[in-house]
Amino acid sequence: MRFFSQLAGVLSLLLVLPVHIAAFNSLIVNTNPNIALSYLDSGAPRGVSNYPTIFAIHGMIFSNLVFQKIMDLAPSLGVRVVAVNRRPFPGSTSLTAAELNVINTGGSGADERAAQLDTRGHEIATFISNFITQFNLPRMSADGKTGGAIILGWSVGAPYALAAISAADSLPTPIKSTFSTNLRSVIVYEAAPIAIGLPTPPQNWNALVDNTIPANLQLQAFGQWLTSYFDHDISKRSLDGLSWVITSPSRTPTLYSIAAAKKLDAMQELGADAQTDLPMLFFFGDQLVASYRKAFYDANVAALFPKLKRSVLCGNKTAAFGINGFWAIQDDQKVNGPKTSVTYKMMSGTNHLGHWDDPSTVLNAIISLA
Ligand SMILES: *[C@@H]1O[C@H](CO)[C@@H](O)[C@H](O)[C@H]1NC(C)=O
């Protein structure tokens, strides 16, 4: 049953239902109205009428299959998990040549980059709104505590989750209304500072910046390091207490358990498609930080999403950038959003692939932030 519902969910959900094509199309430059995002769906949990739905946005390299373990667990915890593939990951519409040009070169200027990021946000918000309508999901209650939707933005997925919120004011009215009256929580889950446009510290290291690694092996080496465990000293809250390079012997990198489960080939995207995220982070810093601060701290956004709970989630054995990003938001909030309520949750013992290695810890943490 569960397998069947996930399989059925691989069908693409057309982002733009026929009735909305004109409005959507008129808002978005360079976007074909027939844009689809593919997804996996854990299905409605049995016997729960007012369950919440978690829309999970993946990061670099790993497609939405990376959320399979929390999808398997979702019915028993009374929630539904829908894992979306971002463009251009498998089953979702490819990026156009014009879009790739803006992403890979920075485009003609700040306005074009901002419009591009808004478009990515609109796609996710529209997907969620259409999913709520098409599958008649339990709506969010007036107190924001039951039903409704949660966006989980993992790693490089976080800026796309945040863009869905920061760009919501320019969505067509019916989509904006469904989205904003049902979104109860946004969770930034282990985003590096660069993913939200905040500075990268001098301690930063990863295989992608090590040019002694042959170019064709850099992504793979990155994947191995990224899915390792790290022994940090986080007690002093100092970047120098983090283990930026050396991995922990305490547990095997998740890459190998995924490989042992024979899922690696299906889950990992190492081709050109997967490589659009890096230039986006590199060129779009100003837009990413503006989008994150708007989604988290802007008064008009708060008015549009009156029940929205904002959270930052991180495992304490994850790669250093995750803890760095967690602290960076805490520091940034003191300056840019001192009056906004943000919940910070650190998980014990999990790494960057906690949703694969420790799905119960991670899904329970997500539910606690819903
Ligand atoms: C992670 O959190 C657990 C529980 O608080 C703690 O026992 C452990 O020492 C922490 N690990 C690190 C690396 O800080």
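Look up: the structure comes first, before these words.
On a predicted model such as this, the values are computed, not experimentally measured, just so you know.

Cut-offs applied
Residues numbered from 1 in each chain as written. Predicted model: local features only at pLDDT ≥ 70, side-chain atom pairs only at ≥ 80, totals over all residues. Heavy atoms only, no water. Near = heavy atom within 4 Å. Polar contact = N/O pair within 3.5 Å; in protein donor to acceptor, adjacent residues only side chain to side chain. Nonpolar A, V, L, I, M, F, W, Y, C, P; charged D, E, K, R; others polar. Helix = DSSP H or I, 4+ residues; strand = E, 2+ residues; numbered from the N terminus. Buried < 20%, exposed > 50% of the residue type's maximum accessible area, 1.4 Å probe, protein only. Contact = heavy atoms within 4.5 Å. Pairing = 2+ DSSP bridges. Right-handed = clockwise from strand over helix to strand, strands pointing away. Arc of directions from axis to C-beta. Axes fitted to C-alpha atoms, helices over the stretch in contact; angles between N-to-C directions. Parallel < 35°, antiparallel > 145°, perpendicular 65-115°, else oblique. Left-handed = near helix turned anticlockwise from the far one by under 90°. 1 Å grid on protein atoms, 1.4 Å probe; cavity = no way out; pocket = protein on both sides within 12 Å on 5 of 7 lines; lining within 4 Å. Points joined across faces, edges and corners; volume = space filled by probe spheres on them. Salt bridge = Lys/Arg side-chain N within 4 Å of Asp/Glu carboxyl O.

### Side note on the site of the ligand
The environment of the ligand is made up of His232, Ile234, Asn316 and Ser348. Between the ligand and the protein, one listed contact pairs an oxygen atom with a side-chain N or O atom of Asn316 at 2.3 Å. Classifying every residue of the shell around the ligand gives one nonpolar, three polar and no charged.

### Quick word on the environment of Arg310
The topology assignment puts Arg310 in strand S8 (residues 309–315). Residue classification places Arg310 among the buried positions, given a relative accessible area of 6%. A sequence separation of 15 residues divides Arg310 from Ala295, and the C-alpha atoms of the two residues are 8.9 Å apart. Leave out the neighbours within four places in its chain, and Arg310 touches Val186, Ala295, Phe296, Val301, Ala302, Thr340, Ser341, Val342 and Thr343.

### Some thoughts on the pairing of S8
Across the seven residues of S8, six count as buried, placing the element largely inside the fold. Here strand S7 (residues 183–189) runs beside S8; their pairing, made up of five bridges, is parallel. The partner of Tyr189 across the bridge, within S8, is Leu313. As defined by bridge partners, S8 adjoins strand S9 (residues 342–347) across six bridges and the pair is classed as parallel. Opposite Ser311, over in S9, you have Thr343 as the bridge partner. Tracing the backbone out of S8, into helix H14 (residues 320–336) and back to the parallel element S9 gives a crossover that is right-handed.

### Quick word on helix H4 (residues 97–105)
If you check which residues of H4 are buried, you get Glu99, Val102 and Ile103. In a view along the axis of H4, the buried residues occupy a sector of 95°, so they form one face of it. On its buried side, H4 packs onto helix H5 (110–134) and helix H11 (277–283). Remark: Gly106 follows H4 within two positions and exhibits a positive phi of approximately 90°.

### Description of the packing of helix H12 (residues 285–297) against H14
Where H12 contacts H14, the two axes come as close as 12 Å, and the packing angle between them is 70°. Accordingly, the angle class assigned to the pair H12 and H14 is roughly perpendicular. Between H12 and H14 the crossing geometry is right-handed. Residues Tyr292, Arg293, Phe296 and Tyr297 of H12 touch H14, and the partners they reach there are Ile329, Asp332, Gln333 and Asn336. Taken together, the residues of the contact of H12 with H14 sort by class into four nonpolar, two polar and two charged.

### Details of the side chain of Gln330
Structurally, Gln330 can be placed in helix H14. Since its relative accessible area comes to 19%, Gln330 is described here as buried. At 2.9 Å, the side chain of Gln330 forms a polar contact with the side chain of Arg237. Aside from chain neighbours lying at most four places away, what touches Gln330 is Arg237 and Tyr344.

### Digging into the layout of surface pockets
Put simply, the largest pocket is a space of about 620 Å³. Lining the largest pocket are 31 residues, with Met60, Asn206, Leu208, Phe222 and Leu278 sitting closest to its centre. Those elements that place two or more of their residues in the lining of the largest pocket are helix H8 (215–226), H11 and H14. If one sorts the elements of the lining of the largest pocket by residue count, H8 sits on top with six residues. For the lining of the largest pocket, the residue count by class is 22 nonpolar, nine polar and no charged.

### Comments concerning the pattern of salt bridges
As enumerated under the stated definition, the model contains 13 salt bridges in all. In this structure, the salt-bridge partner of Asp41 is Arg80, at a minimum N-O distance of 2.7 Å. Here Asp41, found in strand S3 (residues 39–41), pairs with Arg80, found in strand S5 (residues 80–84); they are 39 residues apart in sequence, far enough to count as distant. Overall, Asp41 belongs to the buried group, its relative accessible area being 7%. Looking at Arg80, the relative accessible area reads 7%, which means it is buried. Arg120 is the salt-bridge partner of Glu99, the closest N and O atoms lying 2.8 Å from each other. In this pair, Glu99 sits in helix H4 while Arg120 sits in helix H5, placing the two residues 21 residues apart along the sequence. Each member of the pair Glu99 and Arg120 is classed as buried. The structure contains a network of salt bridges with shared partners spanning Arg87, Glu99, Arg120 and Glu123.

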